[in-house]
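# Report on the structure
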Amino acid sequence: MSHVTARPHAIGLPMDRVDGAQKVTGTATYAYEWPLDQPVYLYPLQSTIASGRVTGVDSALAEAEPGVLAVLSHLNAPTLTRPDDPELAVLQSDEVAWRGQFIGAIVAESLETARRAAGLVRVTYESRPPDVVLRADRDDLYSPVHAAAFGTGGGELQDGSPADSLLGDVDTALAASPTMVDTTYSTPMYHNNPMEPHTAVVTWLNGELLVRCSSQGVSMSQALISGVLGLEPGRVRVVSPHVGGGFGSKVYPHAYAVLAAMAARIVRRPVKFTLTRQQMFALVGYRPASIQRIRLGAGRDGRLTALAHDVIEQTAKAKGYAEQVGVCSRLMYAAPHRRTTHRLAPLDIPVPTIMRAPGEAQGMYALESAMDEMAIACGLDPVEFRIRNEPEVHPESGLPFSSRHLTDCLREGARRAGWGHRDPVPRAHREGRWLVGTGVAVSTYPSPRFPGNAATIRVGPDGRYTVRIAAADLGTGTWTALTQIAADALSVPVGQVEMRIGDTALPAASVAGFSAGINSWGTAIWEAADRLRDRLRAEHGGIAPPEGLEVTAEMPGGNPEAERHAMHSFGAQFAEVRVDGDTGELRVTRLLGMFDVGRVINPKTARSQLIGGMTQGMSMALYEHSVLDPRFGHVVNHDFAQYHIASHADVHAIEAHWLDKPDPYTNPMGAKGLGEVGIVGTAAAIGNAVHHATGVRVRELPITLDKLVS
């Protein structure tokens, strides 16, 4: 039975952003911009070794510097209540687990003074040789235990799913397959680089802590920060109404917020602390590197008989993090025999974290590249090969999909991209010095609904509604989309709705991540609207009383349909590239995505999200690569001058389209997640196009000209 509630009014309209005027006039307040009375400034001390311990801290010169209020280290830092968390329990021991780790801090009257004093502190170490290189032949690889330390819990991988899966007899089926592909693909470290750096502006008042920070989830930040500091959650307020990008790195709070809180308590003044771009490369996570072996077997009819996806990924020795890289292979294609595994390599490196489309971004690059290789080996068109192997239900769980229109995406995307005119022979199309190629890949991302959401709606006697929920807007359009959802849920024009988000003083909300935000927050708002309307009708004849009326409602405790359906977004990505036959110079001349994302709340913000994801996927394919120095254990290209990201000049033609097919089971709006599905598949589509243009198969990202010129 369909659970979509039909009250279309504002949903589906390409509304301008309700916060747009604030953004363009500079009146939207970001974390570092909050005005404070007599603030002081923090500058951190970071380790210059990757493994070992601090043996001495000589801070005399720094303490004598005029304007310095405090020098913190493990020798004098307050004791925290969770010393078992190596990332958040800052300055609790002399151990050094990665280069760039916090080992101290200067608090001073000005940022310039704090930075100068930091250079006067002399730190001595007992160092160990760093172990930072990811290899498949390491003898210390281990299966992840669980991700509970990151707040996800309940499973072995970061998304809560088991690390390994097995169905049938994969090895026997592969050996018996007339056609087989056995290849290994690798992806490097990638670092989240939001334009707004990570920031904490901290004030203590009467034993309560106010943290203004850049956060993708204030409710989660409140819970974790209060836990580390030994406070009741109600004594910590986290405020973050506007966020200048996050890409996953701001889902969980990091040690800088705890360090700022410790400093503010010691000096009894408000503390402002923002990380530099270089410091962010050591302190706020990154997408872990991966090595992925994929084996596919197919019969003479071009149907897959076996699929194996074995993943090795890096993690920190200090704190394990396991990304669900191979999980995408569990649902994409029909094959009776299938296996996925995940193993971690513990290294002396910073703790990884979520980065946009975690797991699926790397995993679908490998799977979709291998599918292209298999289509060629079977003598089939890559689009038709994928359609031929579409499953009727989830291949492992057996659940039907809540909606899956991937075949429609492939066919309509192929039509729009002009795929039918393609000569399948590599290097067949040349224009002057340019070799021209086209490629395809598909994309997927889960569309979950998270618990822990509530919304308050108040109607005044003037018929205006105020909606409160501690959701987050990363620049993605949350303010606008939730206003549209609330208007439809209440059956009123959007002009009568005022939205308030990004503050733990509001009803709790889950994080902006995992493509779950609108699903979760929108459902809570819809529930509150239904209850408010029922009370107005039952108690006041449908008219707001003179004193107004307020209702708070929690999102229904879980979606029962999630037990009966597999819920995912899908897409098909098409790429056209040109490669200079002499130099290997590579240009992506066209990207086209066709997506199955349910009902689109706001086409304007949705398109922005999708083309942003596709651009980030292109950046992943061609440019981004965190270069780790094996001698010292740090990322050397740690700024925008050296860490290359796709810019406007790199994006030629890019198109995002979607099917207008609401999902009947995900939520009352009929929407599915679209924040991350755009990046997934893009890198593989580009890599497949490069092979079509040149005949060279690049299996190690990024695709650089040295890999294309022999």
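Residues numbered from 1 in each chain as written. Predicted model: local features only at pLDDT ≥ 70, side-chain atom pairs only at ≥ 80, totals over all residues. Heavy atoms only, no water.

This part takes up the overall build of the protein. In terms of helices and strands, the protein carries 14 helices and 24 strands. Relative to its length of 710 residues, the protein is compact, with a C-alpha radius of gyration of 26 Å against a globular reference of 27 Å. In the protein, which comprises 710 residues, the share counted as buried stands at 60%. Of the contacts made within the protein by residues no fewer than 6 positions apart, 81% connect residues no fewer than 24 positions apart. If you sum the accessible surface of the protein, you get close to 26,000 Å²; carbon and sulfur atoms cover 52% of it. The average position of the 65 basic charges and that of the 75 acidic charges among the side chains of the protein differ by 2 Å. (Helix = DSSP H or I, 4+ residues; strand = E, 2+ residues; numbered from the N terminus. Rg over C-alpha atoms; globule rule 2.2 N^0.38 Å. Buried < 20%, exposed > 50% of the residue type's maximum accessible area, 1.4 Å probe, protein only. Contact = heavy atoms within 4.5 Å. Areas by Shrake-Rupley, 256 points an atom, 1.4 Å probe, with all protein chains shown as cover. Lys, Arg positive; Asp, Glu negative; His and termini not counted. Charge placed at Lys NZ, Arg CZ, Asp CG, Glu CD.)

This part takes up the sheet that holds strand 22 (residues 568–580). Strands sit in the order 16-17-22-23-24 across an open sheet of five strands; the sheet is mixed. Only two strands of the sheet have a single neighbouring strand rather than two, namely strand 16 (430–431) and strand 24 (653–658). Direction of pairing for strand 22 relative to strand 23 (residues 586–596): antiparallel, over a ladder of 10 bridges. The residue of strand 23 that forms the bridge with Gly 571 is Phe 595. Against the sheet, helix 10 (residues 406–417) touches strand 17 (434–446), strand 22, strand 23 and strand 24, its axis set at about 140° to strand 23. The strands touched by helix 13 (residues 603–622) are strand 22, strand 23 and strand 24; relative to strand 24, the strand with the most contacts, the crossing angle is about 130°. (Pairing = 2+ DSSP bridges. Axes fitted to C-alpha atoms, helices over the stretch in contact; angles between N-to-C directions.)

A sheet is described by the order of its strands in space; here three strands give the open sequence 4-2-6, paired in antiparallel fashion. For this open sheet the edge positions go to strand 4 (95–96) and strand 6 (122–127), each flanked by a neighbour on one side alone. Bridging between strand 2 (residues 52–58) and strand 6 involves six bridges; their strand directions are antiparallel. Bridge pairing in strand 6 links Asp 58 to Arg 122.

Let's shift gears to the packing of aromatic side chains. This model, assessed by the stated rule, comprises six aromatic pairs. For the ring pair Phe 281 and Tyr 643, a centre distance of 5.6 Å and an interplane angle of 70° mean the geometry is edge-to-face. With Phe 281 in helix 7 (residues 277–283) and Tyr 643 in the loop between helix 13 and strand 24, this pair connects stretches of sequence that are 362 residues apart. Side by side, Phe 281 and Tyr 643 carry an identical accessibility label, which is buried. (Phe/Tyr/Trp six-rings, centres within 6.5 Å; stacked < 30°, edge-to-face > 60°.)

Glancing now at the confidence of the model for the protein. On average, residues of the protein carry a pLDDT of 95, and 97% of them reach 70 or more. For the stretch residues 146–155, pLDDT sits under 50, and the model shows 25 contacts to residues farther than four places along the chain or on other chains. (pLDDT = per-residue confidence, 0-100.)

Right, let's get into the pairing of strand 19 (residues 465–468). By the alternation rule, side chains of strand 19 split into Tyr 465 and Val 467 and Thr 466 and Arg 468, which are all buried. In this antiparallel pair of consecutive strands, strand 18 (residues 454–459) and strand 19, the connection spans five residues, and Gly 463 shows a positive phi of 80°. Sheet topology note: the strand 19/strand 20 (residues 497–500) ladder contains four bridges and is parallel. For Val 467, the partnering residue across the bridge sits in strand 20 and is Met 499. As for the winding sense of the linkage, the β-α-β connection from strand 19 through helix 11 (residues 478–490) to strand 20 is right-handed. (Right-handed = clockwise from strand over helix to strand, strands pointing away.)

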